[in-house]
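# Fold and geometry: a report
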Amino acid sequence: MPVGIFRVCLLVITAIVNHPLLFPKENGTVPENTEEIIRKMKEREESLRLEQLRLEREIADQEATQKALEKAALVVEESKEEKVRWDMWTALSMIIFLLIELWRQDFQEGNWQDVGGEEDDMAVLGKAFKGVVFPNKAILASFYEKRILGTTGDMARMREMVEGFADDLLEALRSVCNRDADMEVEDCVGVGSMYENWRVRKPFVCDLIVPFAPPEPYCFRCQTWCSGDSFPPDEQGYGTIKVCRADEDVTGCICDKTKLGEDMLCLLHSQVNTTRPSSEMEDLLCFKNTQYLDADQVMKWFQIAVTKAWNRISHKYEFDLSFSLLDSPGALKIKFRSGKSIAFNLTPVVQYENSDVYFISHFPRSSLAADVPSSTHWFLTFAVYERRFIHLVSKTLPANACHVSCLQILSFLHGKQCSLTGPSGLTNYHLKTVMLHLLQIRPSQDWAPEKLEARLQDMLKFLERCLHEKKLYHFFIGNGKVPAELGFPIIFQRAEPLNLFRPFVLRRDIYRKTVDTFHEMLRNMSALINEYTVHIPLAHTNGIRKESL
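Residues numbered from 1 in each chain as written. Predicted model: local features only at pLDDT ≥ 70, side-chain atom pairs only at ≥ 80, totals over all residues. Heavy atoms only, no water.

### Let's talk about helix H9 (residues 295-313)
Here is the rule we go by: Elements are defined by DSSP. Helices are runs of H or I of four residues or more, strands are runs of E of two residues or more, and each kind is numbered from the N terminus. Under the convention used throughout, the expected extent of a helix is 1.5 Å for every residue step, that is, one less than its residue count. To sort residues, take the accessible area from a 1.4 Å probe on protein chains only and compare it with the maximum for the residue type: under 20% means buried, over 50% means exposed, and anything in between is partly exposed. By arc we mean the arc of the directions from the helix axis to the C-beta atoms, nothing more.
Relative to the 27 Å expected for 19 residues at 1.5 Å per residue, H9 spans 27 Å between its end C-alpha atoms, a close match to the ideal helical length. Turning to H9, its buried residues are Ala-295, Val-298, Met-299, Trp-301, Phe-302, Ala-305, Val-306, Ala-309, Trp-310 and Ile-313. Around the axis of H9, the buried residues are gathered within 165° of arc, so they sit on the same side. Looking at H9, the residues exposed on the side facing more than 90 degrees away from the buried face are Lys-300, Ile-304 and Asn-311.

As structure tokens, this is what we get:
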């Protein structure tokens, strides 16, 4: 209790002492301090208000920026969705394009030439076959046995004789050539109808190709129309051959492909390194002032070399040898003292890389063939692969298959008709191409010997259809179904199909003549066959019927 009273008293005394009225003089500055505090409080309030305004502006700016970012994000999202939709359409378009391209390739590779549907064939053939009397099996068999089968033995004996003489001639040619400066000649290779056993018309002519290579240190660099660079349509099927030094690298520079101009110089290949004396390149059989092999100069060199070789060995033989045709520089003729003669073609070629495709200097011409673009353009021949394909397929066919018989009969009929009405745009090579396509399309059992009549009709239908559409594609070029066993170069399988009938589009006069000759052959077919057919009893000829192919 006393402690509580003491505390109250102490509080009262403290309040009295601190009361401002008791000490007026000492506390006279209170009002001034109050005004100063009020002033500072106003200043503080003003600064707070300004700070608030600044913060409000910053918040507004941040909100505007946030809205802009949200709007930009929305636009980006919409653009992404639009791009996704566009990518979907692009992908869909590409898929459709690829499907169309695959269908087109199948179409061009020969699927369009399916001969299985009789009604479709009849629709395409039209009136050409109406009223045609087609020989029956008995007449065809008799005709083939009498007119064609007997020539097989003659062909074998002639091939043996020509090959033996050609080997001897080429061996003499190597001996007369300068091994350090002249071209190196390899062994000859037999190609064509004589070596595929389907030639029927006389005189028999053996076709031999002779590969050659340049002397060391040179080599050939070959370029085809399908090797990447663009070639005009009239140069499809051709290529060029450049003569280079073996240690020369021409793959990385375009100075030999582009005209640089007189005031420009290739920094990789200086003029000292690339320019060679004109006489040196001409000795290598190149076109004037170029490094490209000239077919005309090659043939001149080959003719001179063959003449020298024959002069060296002529004393061993009892016949004469001469060049027989001016328009075929490799055409040779052996003349015996008895008056008989044997003709054969010996043509220099250049091997394409490590394949059996060859650049051939001169190719047998026909009325359908276009002019060669220049003497530096060499035609490519696939004759070795054609012979190899026929041999390969023959192993899968029935015994005594009729594929060669069909080709022989058709070749005979066409040749006889051309002898009556004049030449046409069709050649034996076109007829062989038809057979090659049908060999790939038809099952093996369809080529049994008893189906000769049906397969001959197929060949005629196929050929008429190709003439109607002006399309007959080369069998190997652009054909992705070539058997892998052949080892055929993939670059030609992936190339665009080559239409052998393209000149018909450009030469309507030849096309009309060819079609007329073909139709005339159909009408004369029975007469031509009966002319070379032995008498068959009436009981066997009752099967002759009229058919509309």
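Here the narrative resumes, following the displayed structure.
### Here's the deal with the environment of Trp-378
Test applied: Pairs of N or O atoms are called polar contacts if they sit within 3.5 Å, as long as, within protein, a hydrogen donor faces a hydrogen acceptor (for residues adjacent in sequence, only side-chain-to-side-chain pairs).
Note on placement: Trp-378 falls in strand S11 (residues 378-381). Judged by its relative accessible area of 0%, Trp-378 falls in the buried class. A sequence separation of 137 residues divides Trp-378 from Ile-241, and the C-alpha atoms of the two residues are 7.8 Å apart. Polar contacts involving the side chain of Trp-378 include one to the main-chain carbonyl oxygen of Leu-293, which spans 3.1 Å.

### Considering the nonpolar core
Put simply, the test is: What we call a nonpolar core is a set of buried Ala, Val, Leu, Ile, Met, Phe, Trp, Tyr and Cys residues that are connected through their side-chain atoms within 4.5 Å. The source of the domain bounds is an automatic or database domain assignment.
Leu-293 and Phe-344 are the most contacted members of the largest nonpolar core, which has 115 residues in total. Two domains each donate at least three residues to this core, and these are domain 1 (119-150 + 396-534) and domain 2 (151-226 + 235-246 + 282-381). Among the nonpolar cores identified, the runner-up in size contains seven residues, and Val-191, Ile-360, Ala-383 and Val-384 belong to it.

### Considerations on the environment of Arg-337
Looking at where Arg-337 falls in the secondary structure, it is placed in the loop between strand S8 (331-336) and strand S9 (341-351). A residue is classified by how much of its surface remains accessible, and Arg-337, at 74% relative accessible area, is exposed. Considered as a pair, Arg-337 and Glu-318 are 19 residues apart in the sequence and their alpha carbons are 7.5 Å apart.

### Regarding the packing of aromatic side chains
Rules: Only centres within 6.5 Å qualify two rings of Phe, Tyr or Trp (six-membered ring in Trp) as a pair; their planes then separate them into stacked at under 30 degrees, edge-to-face at over 60, and tilted for everything else. Only lysine NZ and arginine CZ atoms are considered, and such an atom sits over a ring when it is within 6 Å of the ring centre and within 35 degrees of the ring normal.
The tally for this structure, following the rule as stated, stands at 27 aromatic pairs. Between Phe-165 and Phe-344, the aromatic rings sit 6.2 Å apart at their centres with planes inclined by 85°, giving edge-to-face as the arrangement. Placement of Phe-165 in helix H5 (residues 151-176) and of Phe-344 in strand S9 is noted, with a sequence separation of 179 residues between them. Like Phe-165, the residue Phe-344 is buried in the burial classification. Over the ring of Tyr-218 we find Arg-245; its NZ or CZ atom is 5.7 Å from the centre of that ring. In this arrangement the basic side chain of Lys-470 is found over the ring face of Tyr-511, its NZ or CZ atom lying 4.5 Å from the centre.

### Quick notes on the confidence of the model for the protein
To be explicit about the condition: Confidence of the predictor in every single residue is expressed as pLDDT, which spans 0 to 100. Residue contacts follow a heavy-atom distance rule, with two residues in contact if any of their heavy atoms lie within 4.5 Å.
When pLDDT is averaged along the protein, the result is 79, and 74% of the positions lie at 70 or above. Across residues 108-126, confidence stays below pLDDT 50; counting only partners more than four residues off in sequence or on other chains, it has 41 contacts. Here residues 267-278 is a poorly scored stretch, pLDDT under 50, and it has twelve contacts once near neighbours within four places are set aside; other chains count.

### Points about the environment of Trp-310
One can find Trp-310 in helix H9. If we ignore the near neighbours within four places in the chain, the residues touching Trp-310 are Phe-165, Leu-169, Tyr-317, Phe-319, Asp-320 and Leu-321.

### A few points about the packing of helix H13 (residues 452-469) against helix H16 (residues 508-531)
Heads up, the rule is: Angles here are taken between N-to-C directions and fall from 0 to 180 degrees, while the axes themselves are lines fitted to C-alpha atoms, restricted in helices to the stretch in contact. Should an angle fall under 35 degrees it is taken as roughly parallel, and over 145 as roughly antiparallel, whereas 65 to 115 is taken as roughly perpendicular and any remaining angle as oblique. Handedness of a crossing is defined here by the sense of rotation of the near helix relative to the far one, left-handed for an anticlockwise turn of less than a right angle and right-handed for a clockwise turn. In the scheme used here, Gly and all other residues not listed as nonpolar or charged are polar, with Ala, Val, Leu, Ile, Met, Phe, Trp, Tyr, Cys and Pro taken as nonpolar and Asp, Glu, Lys and Arg as charged.
Packing of H13 against H16 brings their axes to within 11 Å, and their N-to-C directions diverge by 155°. As summarised for this structure, H13 and H16 are arranged roughly antiparallel, according to the angle between their axes. In terms of crossing hand, the pair formed by H13 and H16 is left-handed. Taken together, the residues of H16 that come into contact with H13 (itself represented by Leu-460, Leu-463, Glu-464, Leu-467 and His-468) are Tyr-511, Thr-514, Phe-518, His-519, Met-521, Leu-522 and Met-525. Its residues placed into classes, the contact of H13 with H16 shows eight nonpolar, three polar and one charged.

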